[in-house]
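Notes for the structure review
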Amino acid sequence: MRFDVVTIFPGYFASPFDESLIGRAVEAGLLDLHVVDLRAFSDDVHRKVDDEPYGGGPGMVLTAPPVFAAVEALRAEKDAPAPHVVFLSPQGRRFDAAMARELASRPRVSLVCGRYEGIDERTREAGLFDAEISLGDFVLSGGEAAALAIVEAVSRYVPGVVGDAGSVLSDSFEDGLLDYPHYSRPREFRGRAVPELLLSGHHEKIRLWRREQQIRATFARRPDLLEGAALSDEEKALLERVADRTRSS
Ligand SMILES: C[S@@+](CC[C@H](N)C(=O)[O-])C[C@H]1O[C@@H](n2cnc3c(N)ncnc32)[C@H](O)[C@@H]1O
């Protein structure tokens, strides 16, 4: 899968795109990451891409011409899949696991990072972007941190990027539930022992215990997720019992 990231800070991505899971996936040819310097599309001798807002007010605005030029250049590339162009913005649809999975089904996603007070509205008016995505209800200083998070979250769904595909499928949000608790060595730490069942080697019992823990954790921490959770009749009954116990305690 290919990602393009359009930014005024290309150096920002050097280390995260080189290291760990992402770096290995690039080396293995599973991911193709292109960082595009927005300033290269400025007509200004000083490569300026911002200007004062019409109407006055604080801060600067990312101007329309370089953003249009950069996106049009991405779309015009020959011998590359057509990009799904996303503007990163606190005003966009909130990013989640379902969106990450959907983006991973596309051959090429281009992420455009805003800066300053934001971007010239004519980019939106002209329909320059296919989508506008927010990392959450807070304001970052630029889209770069959002782009990194999205590249990482989407890449986990690209076949082969995470060595053990089963690990992705049991992650939080995959079937509307949070993940089950994990334990490792030592067996006892500061008076706390690993649950005995996990040492039993009884795979089916362990699977059922983990499923139950997922339901309990989701009920306790993110009950809002349970509405869309894929539960069997037995699991629904368990959820009812957990809810009853909580109500009566
Ligand atoms: C300081 S913000 C501008 C915020 C804008 N004035 C507003 O309140 O909607 C600068 C840039 O950071 C990026 N950004 C900020 N918060 C973000 C978020 N929650 N998700 C994705 N991008 C964000 C966007 O690209 C935005 O154009």
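Fair warning: this is a prediction, and the values are worked out from it, not measured in the lab.

A few points about the pairing of strand E5 (residues 84-94)
- Of the pairings in the sheet, the one linking E5 to strand E6 (residues 108-113) comprises five bridges and is parallel in character. Residue pairing for E6: His84 is matched across the bridge by Val109.
- One crossover worth recording links E5 to the parallel E6 by way of helix H4 (residues 97-104), and it is right-handed.
- Bridging between E5 and strand E7 (residues 131-134) involves five bridges; their strand directions are parallel. Across the sheet, the residue bridging to Leu88 is Ile133, located in E7.

Details of the layout of surface pockets
- Taken as a whole, the largest pocket holds about 390 Å³ of empty space.
- Lining the largest pocket are 24 residues, and of these Leu88, Ser89, Pro90, Gly118 and Leu140 sit closest to its centre.
- With five residues, E5 is the single largest residue contributor to the lining of the largest pocket.
- Looking at the lining of the largest pocket, its residues break down into eleven nonpolar, nine polar and four charged.

A few points about the site of the ligand
- The immediate surroundings of the ligand are formed by 21 residues, with Leu88, Gln91, Gly114, Glu117 and Phe138 found nearest.
- At a separation of 2.8 Å, an oxygen atom of the ligand approaches a polar side-chain atom of Gln91.
- In isolation the ligand offers 580 Å² of accessible surface; the protein chains occlude 85% of this area.
- In this structure, the ligand is accommodated by the largest pocket.
- Elements that contribute at least two residues to the shell around the ligand include exactly E5 and E7.
- With five residues, the top contributor of residues to the shell around the ligand is E5.

The rules behind each value
Residues numbered from 1 in each chain as written. Predicted model: local features only at pLDDT ≥ 70, side-chain atom pairs only at ≥ 80, totals over all residues. Heavy atoms only, no water. Pairing = 2+ DSSP bridges. Helix = DSSP H or I, 4+ residues; strand = E, 2+ residues; numbered from the N terminus. Right-handed = clockwise from strand over helix to strand, strands pointing away. 1 Å grid on protein atoms, 1.4 Å probe; cavity = no way out; pocket = protein on both sides within 12 Å on 5 of 7 lines; lining within 4 Å. Points joined across faces, edges and corners; volume = space filled by probe spheres on them. Nonpolar A, V, L, I, M, F, W, Y, C, P; charged D, E, K, R; others polar. Near = heavy atom within 4 Å. Polar contact = N/O pair within 3.5 Å; in protein donor to acceptor, adjacent residues only side chain to side chain. Areas by Shrake-Rupley, 256 points an atom, 1.4 Å probe, with all protein chains shown as cover. Sits in = over half its atoms within 2 Å of the grid points.

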